[in-house]
Amino acid sequence: EDQVTQSPEALRLQEGESSSLNCSYTVSGLRGLFWYRQDPGKGPEFLFTLYSAGEEKEKERLKATLTKKESFLHITAPKPEDSATYLCAVQDGGSQGNLIFGKGTKLSVKP
Amino acid sequence: NAGVTQTPKFQVLKTGQSMTLQCAQDMNHNSMYWYRQDPGMGLRLIYYSASEGTTDKGEVPNGYNVSRLNKREFSLRLESAAPSQTSVYFCASSQGPVETQYFGPGTRLLVL
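Worth saying up front: this structure is predicted, and the values here are computed from it rather than measured. Sequence order as written defines residue numbering, which begins from 1 separately in each chain. Numbering of ligands from 1 and lettering of chains from A proceed in the order in which they are written. Local features in this predicted model are restricted to residues of pLDDT 70 or higher, and side-chain atom pairs are both shown and tallied only at a pLDDT of 80 or more, whereas totals for entire chains, interfaces and linings draw on every residue. With hydrogens and water stripped out, all remaining heavy atoms of the structure feed into the side-chain values.

Enquirer: Any chance you could break down the layout of surface pockets for me, citing the residues and the numbers?
Expert: Using only the protein atoms, space was sampled on a 1 Å grid; points where a 1.4 Å probe fits but cannot get out form cavities, open sets with protein on both sides within 12 Å along at least five of seven lines form pockets, and lining residues are those with an atom within 4 Å of a point. Grid points are joined across faces, edges and corners, and a volume is the space filled by probe spheres set on the points. A volume near 990 Å³ is recorded for the largest pocket. The wall of the largest pocket is formed by 38 residues, among which Gly102 and Lys103 of chain A together with Gly40, Met41 and Gly42 of chain B lie closest to the centre. Polarity classes work like this: nonpolar for Ala, Val, Leu, Ile, Met, Phe, Trp, Tyr, Cys and Pro, charged for Asp, Glu, Lys and Arg, and polar for all others, with Gly in that last group. Counted by class, the lining of the largest pocket contains 13 nonpolar, 14 polar and 11 charged residues. Reported here for the second largest pocket is a volume of approximately 180 Å³. Broken down by class, the residue content of the lining of the second largest pocket amounts to 3 nonpolar, no polar and 7 charged.

Enquirer: Quick one: what's the story with the interface of chain A and chain B, residue by residue and with numbers?
Expert: Every residue pair with non-hydrogen atoms within 4.5 Å of one another is taken to be in contact. With 19 residues of chain A at the contact, the number on the chain B side is 20 residues. Between chain A and chain B, a total of about 1600 Å² is buried, with carbon and sulfur atoms accounting for 56% of that surface. Basic side-chain nitrogens of Lys or Arg form a salt bridge, by our definition, when they fall within 4 Å of a carboxyl oxygen of Asp or Glu. Our count for the chain A to chain B interface comes out at 0 salt bridges. In protein, a polar contact requires one atom able to donate a hydrogen and another able to accept it; more generally it is a pair of N or O atoms within 3.5 Å, and residues adjacent in sequence count only if both atoms are side-chain atoms. Counting across the chain A and chain B interface gives 5 residue pairs in polar contact (both at pLDDT 80 or more). Going through the elements one at a time, strand E4 (30-38), strand E5 (45-50) and strand E9 (84-92) of chain A are the ones with two or more residues in the side of chain A that touches chain B. Helix and strand definitions follow DSSP, with helices as H or I runs of at least four residues and strands as E runs of at least two, each counted in order from the N terminus. Looking at the side of chain A that touches chain B, the element that brings in the most residues is E4 of chain A, giving 4 residues. Split by residue class, the side of chain A that touches chain B holds 7 nonpolar, 9 polar and 3 charged. Once two parts are put together, the accessible area they lose, assessed with a 1.4 Å probe and summed over both, is termed the buried area.

Enquirer: Describe the sheet that holds strand E3 (residues 19-25) of chain B, listing the residues and the values that go with them.
Expert: Paired through backbone hydrogen bonds, the strands of a sheet run either parallel or antiparallel to each other. Residue and element names in this part refer to chain B. Here we have 4 strands laid out as an open sheet, ordered E1-E3-E8-E7, and antiparallel in their pairing. Edge positions in the open sheet fall to strand E1 (4-7) and strand E7 (64-68), since each of these has one partner strand only. Each adjacent strand pair in this sheet contributes to an overall mean axis angle of 20°, direction not counted. Where E3 meets strand E8 (residues 74-78), 3 bridges bridge the pair, whose relative direction is antiparallel. Bridging from a neighbouring strand, Leu21 pairs with Leu76 of E8. Only when DSSP finds a minimum of two bridges between them are two strands counted as paired. Axes, fitted as lines to C-alpha atoms, cover a helix only where it is in contact. Angles between the N-to-C directions of the axes lie from 0 to 180 degrees.

Enquirer: Let's hear about the packing of aromatic side chains: which residues, and what values?
Expert: By convention, a stacked pair of Phe, Tyr or Trp rings (six-membered ring in the case of Trp) has centres within 6.5 Å and planes under 30 degrees apart, an edge-to-face pair has planes over 60 apart, and any other such pair is tilted. With the rule as written, the count across this model stands at 10 aromatic pairs over all chains. Consider the rings of Tyr36 of chain A and Phe101 of chain A, whose centres lie 6.0 Å apart with planes at 45°: the pair is tilted. Here Phe101 of chain A lies in strand E10 (residues 100-101) and Tyr36 of chain A lies in strand E4, a separation of 65 residues in the sequence. Remark: exposure states derive from per-residue accessible area (1.4 Å probe, protein chains only) relative to the maximum for the residue type, with buried under 20%, exposed over 50%, and partly exposed in between. On the accessibility criterion, Tyr36 of chain A (0% relative accessible area) is buried. The class of Phe101 of chain A is buried, set by a relative accessible area of 7%. Consider the rings of Phe101 of chain A and Tyr35 of chain B, whose centres lie 5.7 Å apart with planes at 85°: the pair is edge-to-face. Taken together, the residues span two chains, with Phe101 of chain A in strand E10 and Tyr35 of chain B in strand E4 (residues 31-37). On the basis of relative accessibility, which here comes to 0%, the residue Tyr35 of chain B falls in the buried class.

Structure follows, in structure tokens:
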């Protein structure tokens, strides 16, 4: 059974304090791993898609990496506006497109 | 482009009432999805439509029905609402089954 586990559940950082969020997954044939950002009361906003181990993608202060068992979302010098819940999802080789989501990491960045 | 739109934004129902949640996308996407999000749980797939004219069950389909009205629109119907269906419902769309999914703003449903 496909599983996605995100850690930590919550993370508090000071502005400028870099850190990483983890997404561990168990899937039969990974088609893609997706990172989303979700602000309170809003829908998930797409950040990155990673397809194979070793792949990395960057956007502003965020960098996503992928290994065969997990993905990391690195946040460099975060700002208060980076506060949100970050969701990880995987798509397996047998699916028709449905994503399996983790429960998310709630990030708070204090000024 | 509005992307994915959902109506209504918020709804209160009494147990046993029915309602339809509407979703539309203007990105010319082929695939559409309905998810629900509950506190402490990840987003869970209710139903999806890989292409116009097809629909399939996801992880939690019981108590729901869907209609792919055309390429743009995908509706979710609750025939007899139950308190366990209190949740936030998100519609999403993608170019194809293995492409990136883009989400709407959600419908918050409270069943009393």
